[in-house]
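# Descriptive analysis of the structure
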Amino acid sequence: MKKIIICIFIIQLFSTGNPQSSASAKNLKSIGVTVPSYAKWGSLAMQKTKERYPEAKIIDYLHIGREDSDGYSTEKFKLWLKEKDKEFGVQINISFDPETEELEEISFKEVSR
């Protein structure tokens, strides 16, 4: 549970667009908190989901994992959203060049569970 809370805090930290984010990330590292390698992509997943579903509130976050193939990596996330009376999941896949971290593609798929 503690790791989940720390991951959510780190993602929120990176998603603020605050120039002090990297300094805060360094502070977290200095107290022994490991910033996950997918934090940057998780922040992007949350940002793009908020843009795509502006009326929805993100109520849960899951990093599914990473796949590497054909010179690209794909970080996979599942966010659970609540919009009025409706709750639903969205799977977000973010593909990028692992060497340059250049974004290749972001895909969204609504899921029931």
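Membership of the largest hydrophobic core comes to 16 residues, with the highest contact counts inside it found for F77, L81 and I94. Of all elements in the fold, only helix 3 (39-52), strand 2 (72-83) and strand 3 (86-96) reach the threshold of two or more residues within this core. For this core, the element with the most residues is strand 3, which contributes 5 residues. Look past the residues within four positions of I94 in its chain and what remains in contact with it is W41, L44, A45, S73, T74, E75, F77, L103, E105 and I106.

Bringing the confidence of the model for the protein chain into the picture now. Put simply, the protein chain has an average pLDDT of 84, and 77% of its residues get 70 or more. Scored below 50 in pLDDT, residues 13-20 shows 11 contacts in the model against residues more than four places distant or in partner chains.

Here helix 3 spans 20 Å end to end across 14 residues, near enough to the 20 Å set by a 1.5 Å rise per residue. For helix 3, the full list of buried residues reads A39, W41, G42, S43, L44, A45, M46 and T49.

So, how was this worked out
Residues numbered from 1 in each chain as written. Predicted model: local features only at pLDDT ≥ 70, side-chain atom pairs only at ≥ 80, totals over all residues. Heavy atoms only, no water. Core = buried A, V, L, I, M, F, W, Y, C linked by side-chain atoms within 4.5 Å. Buried < 20%, exposed > 50% of the residue type's maximum accessible area, 1.4 Å probe, protein only. Helix = DSSP H or I, 4+ residues; strand = E, 2+ residues; numbered from the N terminus. Contact = heavy atoms within 4.5 Å. pLDDT = per-residue confidence, 0-100. Expected span 1.5 Å × (residues − 1).

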